[in-house]
Amino acid sequence: MAINQLESNLSAITRTIAQLEKDGCTDEKILKELREEREKILKDLNL
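This structure is a prediction, so every number in the text was calculated from the model and none was measured. (Residues numbered from 1 in each chain as written. Predicted model: local features only at pLDDT ≥ 70, side-chain atom pairs only at ≥ 80, totals over all residues. Heavy atoms only, no water.)

**Student:** It is not clear to me how the nonpolar core should be interpreted in this structure. Could you clarify?
**Tutor:** The nonpolar side chains of a soluble globular protein tend to be buried with one another. Core analysis: the biggest nonpolar cluster contains 7 residues, these being Leu6, Leu10, Ile13, Ile17, Leu34, Ile41 and Leu45. Among the secondary structure elements, those contributing two or more residues to this core are α1 (3-22) and α2 (28-44). Of all the elements, α1 adds the most residues to this core, at 4 residues. Here Ile41 is in contact with Leu6, Asn9, Leu10 and Ile13, once residues within four sequence places are set aside. (Core = buried A, V, L, I, M, F, W, Y, C linked by side-chain atoms within 4.5 Å. Buried < 20%, exposed > 50% of the residue type's maximum accessible area, 1.4 Å probe, protein only. Helix = DSSP H or I, 4+ residues; strand = E, 2+ residues; numbered from the N terminus. Contact = heavy atoms within 4.5 Å.)

**Student:** Help me understand α1 in this model?
**Tutor:** In an α-helix, one turn spans 3.6 residues, which is why side chains three or four residues apart end up on the same side. When the terminal C-alpha atoms of α1 are compared, their 28 Å separation across 20 residues agrees well with the 28 Å that a helix rising 1.5 Å per residue should span. Among the residues of α1, those classed as buried are Leu6, Leu10, Ile13 and Ile17. Here the buried residues of α1 occupy an arc of 70° about the axis, which is enough to place them on one side. In α1, the exposed residues that point more than 90 degrees away from the buried face are Asn4, Arg15 and Lys22. As for α1, its buried residues are in contact with α2. Backbone geometry just downstream of α1 places Gly24 in the positive-phi region, at approximately 85°. (Expected span 1.5 Å × (residues − 1). Arc of directions from axis to C-beta.)

**Student:** Is there a simple way to explain the environment of Arg35 in this structure?
**Tutor:** Structurally, the position occupied by Arg35 is in helix α2. Using a relative accessible area of 28% as the deciding quantity, one classes Arg35 as partly exposed. In sequence terms Arg35 and Leu6 are 29 residues apart; their C-alpha atoms lie 15 Å from each other. Aside from chain neighbours lying at most four places away, what touches Arg35 is Ile17, Glu21 and Glu28.

Laid out in structure tokens, this is it:
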């Protein structure tokens, strides 16, 4: 996957997590999956 696409996905996932937390989402399964995906992208980008 292109770096630009990874960065876009990272940004979207980060915004989604922030919005869910702001809205008071209590579904830890969803939040955990999003955080894991974010960590995977960060690792792919070597950040």
